[in-house]
Amino acid sequence: MILANARLPDGNFADVEIGGGLIAALHAPGGADGSGERIDLAGALLLPAFVDGHIHLDKTHWGAPRLPHVEGRVVRERIAAERAQRHSVALSVEARASALIRTLIANGTTSVRSHVDIDNDIGLANLEAVLKVREAFRDWIDIQLVAFPQSGVTTEKGASDLIASALIAGADLIGGLDPAGFDNDVKGQLDIVFGLAEALGKGIDIHLHDGGETGAAELRDIAARTIAAGLHGRVAVSHAFALGSISSDLFAKTAEALARAEIAIMTSCPPSAPVPPVKALRERGVTVFAGSDNIRDCWSPFGNGDMLDRAAIIAQRHEMLTDSELEQAFALVTSEADQALGRPHREVRAGAVADLVAVDAASVADAVVDRPPRRLVIRAGRIAAERGVASGALASIEHPRAD
Ligand SMILES: [Zn+2]
């Protein structure tokens, strides 16, 4: 396949030759010849495909009628509301997760990390459903799964065994939830999470909403444990709201510990929380990546699975307004997210995997500002979606049936 007359992220133009799932070569415009399919991009901007570093494929109501949002002021209330409501969602986890995956791909995302609830109510049912969905869509999207103890680790009896079973069943990483704020047992939860990580050789991604000095102390504890366990580069903390609400001295100390342990920070950049300061973390050498988090579920009636939107939301909140800063916001949904997920970097260069998105924009900064429709999405050298519609091969994949 030749993608002719593509505008590259560096501003140059090229004919992009694709073969064997990779970008085979970049030719000067008009320089590529070959007998394969030729698509004229007519100057459209060709970007690396996007990464959604934090979603909840099992929670989403995508494709089902909207359920009225139940109020819950704190995490504990919200979890109780979700456990009460989850059985009244109209469609199966398989159907909803599949519907969302098609939308994510049509929006240009070909790699995600999804947390999946593990608790005594549902056991491994949600995980088994999402594992089937992952298998069904494996040619079109990379899906990492986190065994997520949404109802706590030490307060939910048997959670440790459930997480271990989830990892054996196919989950890739160990999750956690507010060791102080939810379990009220920082040592207890982190002993279990890091113990499992060491025993089973898995990475970690912890939901940490705990704010202020408590949350910051937990971040430094997680960093120290990461170094002690030799898990550099394999631990992420999602949300880490504490980083947005502590003194500059404490921030410097905490960020330095995170950088040393190579812990990545995921932000969904909610509008009302004290979010981690993206620019200051990056300046101190901390990898920051982005995710949608909740997409139309019991936690939020909002969300659209569009990572260009997410980059724009982050840029606005953090006043990343120059072209260079807008490019940094874009990196949070591409190269930095690949780094955090331990995946090969999706780039527009010869030899890289051909996961690509074409949009009508003059530059990366323009793409973040304009969030133009996705003209073309390529996954491993095959057309996944055109103008927001899944291709025939992708659209024909039926969602796996619920048992
Ligand atoms: Zn989450």
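You'll find the structure just up there.
Residues numbered from 1 in each chain as written. Predicted model: local features only at pLDDT ≥ 70, side-chain atom pairs only at ≥ 80, totals over all residues. Heavy atoms only, no water.

### Things to note about the pattern of salt bridges
Our working rule: For salt bridges, the criterion is a side-chain nitrogen of Lys or Arg within 4 Å of an Asp or Glu carboxyl oxygen. Segments assigned H or I by DSSP are reported as helices when at least four residues long, segments assigned E as strands when at least two residues long, and all are numbered from the N terminus. Exposure classes here rest on a 1.4 Å probe applied to the protein chains alone. A residue is buried below 20% of its type maximum, exposed above 50%, and partly exposed in between.
Applying the stated rule across the entire model yields 26 salt bridges. Linking Arg 343 and Asp 142 is a salt bridge whose minimum nitrogen-to-oxygen distance equals 3.0 Å. Here the residue Arg 343 occupies a position in the loop between α11 (335-341) and β14 (356-359), and Asp 142 occupies one in strand β8 (residues 142-148), the gap between them amounting to 201 residues. Classification of Arg 343 by relative accessible area gives partly exposed; the value is 28%. The exposure class assigned to Asp 142 is buried, which follows from its relative accessible area of 18%.

### Details of the packing of aromatic side chains
The following threshold applies: For Phe, Tyr and Trp, rings pair up if their centres lie within 6.5 Å, where Trp contributes its six-membered ring, and each pair is then called stacked (planes under 30 degrees apart), edge-to-face (over 60) or tilted (otherwise). Only lysine NZ and arginine CZ atoms are considered, and such an atom sits over a ring when it is within 6 Å of the ring centre and within 35 degrees of the ring normal.
Taken as a whole and judged by the stated rule, the model has one aromatic pair. Judged by centre distance (5.9 Å) and plane angle (90 degrees), the ring pair of Phe 50 and Phe 330 falls under edge-to-face. Within this pair, whereas Phe 50 is found in strand β6 (residues 50-55), its partner Phe 330 is found in helix α10 (residues 323-331), the two being separated by 280 residues in sequence. Exposure class is identical for Phe 50 and Phe 330. Each is buried. The ring of Phe 182 carries the charged tip of Arg 76 above its face, separated from the ring centre by 4.3 Å.

### A short note on the coordination of the zinc ion
In plain terms, the rule: In this analysis a donor is any N, O or S atom within 2.8 Å of a metal ion (3.2 Å for sodium, potassium and calcium), and since water is not included, sites may seem incomplete. Key to geometry: four donors with every angle between 85 and 135 degrees are tetrahedral; four donors are square planar and six octahedral where opposite donors lie over 155 degrees apart and all remaining angles lie between 65 and 115; all other sites are irregular.
Here the zinc ion is held by the protein donor atoms His 54 (NE2), His 56 (NE2), His 207 (NE2) and Asp 293 (OD), which lie 2.1 to 2.3 Å from it. In this structure, the zinc ion is surrounded by four donor atoms whose angles at the metal cover 88 to 165 degrees, and the resulting shape is irregular. In terms of primary sequence, the donors binding the zinc ion are separated according to H-x1-H-x150-H-x85-D. A residue pair is termed long-range when its members are at least 10 positions apart, and His 54 in strand β6 and Asp 293 in the loop between β13 (288-290) and α9 (307-317) qualify at 239 residues. Using a relative accessible area of 10% as the deciding quantity, one classes Asp 293 as buried.

### Focus: the sheet that holds strand β7 (residues 109-117)
What counts here: In this analysis, strands are considered paired if DSSP registers two or more bridges between them. To define axes, lines are fitted to C-alpha atoms, for helices over the stretch in contact only, and angles between the resulting N-to-C directions are given on a 0 to 180 degree scale.
Taking strand neighbours across the sheet as the criterion, the eight strands line up as β6-β7-β8-β9-β10-β11-β12-β13 in an open arrangement whose pairing is parallel. Each of the sheet's edge strands pairs with one partner strand only, and the pair in question is β6 and β13. Averaged over all pairs of adjacent strands, the angle between strand axes in this sheet comes to 25 degrees, irrespective of strand direction. Bridge count between β8 and strand β9 (residues 173-177): two bridges; the pairing is parallel. Looking at the pairing, Ala 147 lines up with Ile 174 of β9.

### Notes on the environment of Val 133
Definition in use: Residue contacts are defined here by distance: any two heavy atoms, one from each residue, within 4.5 Å place the two residues in contact.
Position of Val 133 among the secondary structure elements: in helix α3 (residues 125-136). You can call Val 133 buried: its relative accessible area is 0%. In sequence terms Val 133 and Ser 98 are 35 residues apart; their C-alpha atoms lie 6.4 Å from each other. Look past the residues within four positions of Val 133 in its chain and what remains in contact with it is Glu 94, Ala 97, Ser 98, Ile 101 and Pro 400.

### Section: the pairing of strand β16 (residues 382-386)
Looking at chain direction, strand β15 (residues 374-379) and β16 are connected through four bridges and run antiparallel. By the bridge assignment for β16, Arg 379 is matched with Arg 382. Following β15, the chain reverses through two residues before pairing antiparallel with β16; Ala 380 in that reversal takes a positive phi of roughly 45 degrees. Summarising the sheet, β16 and strand β17 (residues 389-390) pair through two bridges and their orientation is antiparallel. Bridged to Ala 385 within β17 is Ala 390. In this antiparallel pair of consecutive strands, β16 and β17, the connection spans two residues, and Arg 387 shows a positive phi of 50 degrees.

### Quick notes on the side chain of Arg 113
The following threshold applies: In the analysis that follows, any N or O atom pair within 3.5 Å is treated as a polar contact, provided that within protein one partner can donate a hydrogen and the other can accept it, and provided that, for residues neighboring in sequence, both atoms belong to side chains.
Locating Arg 113 in the fold gives a position in strand β7. With relative accessibility at 3%, the residue Arg 113 sits in the buried group. A polar side-chain atom of Arg 113 sits 2.8 Å from a polar atom in the side chain of Asp 205. The residues touching Arg 113, leaving out its near neighbours within four places in the chain, are Asp 52, Gly 53, His 54, Ile 55, Gln 144, Val 146, Leu 173, Asp 205, Ala 236, Phe 289, Ala 340 and Leu 341.

### Focus: the nonpolar core
Worth spelling out the cut-off: The criterion is simple. A nonpolar core is a set of buried Ala, Val, Leu, Ile, Met, Phe, Trp, Tyr and Cys residues joined through side-chain atoms within 4.5 Å.
Core analysis: the biggest nonpolar cluster contains 98 residues, and Phe 194, Ile 204 and Leu 243 have the highest contact counts within it. If you tally residues by element for this core, the top one is helix α2 (residues 93-106), at eight residues. In this structure Leu 243 touches Leu 219, Phe 251, Thr 254, Leu 258, Ile 265, Pro 276, Pro 277 and Leu 281, once residues within four positions along its chain are discounted. With 19 residues, the next largest nonpolar core counts Leu 3, Val 348, Ala 354 and Ile 378 among its residues.

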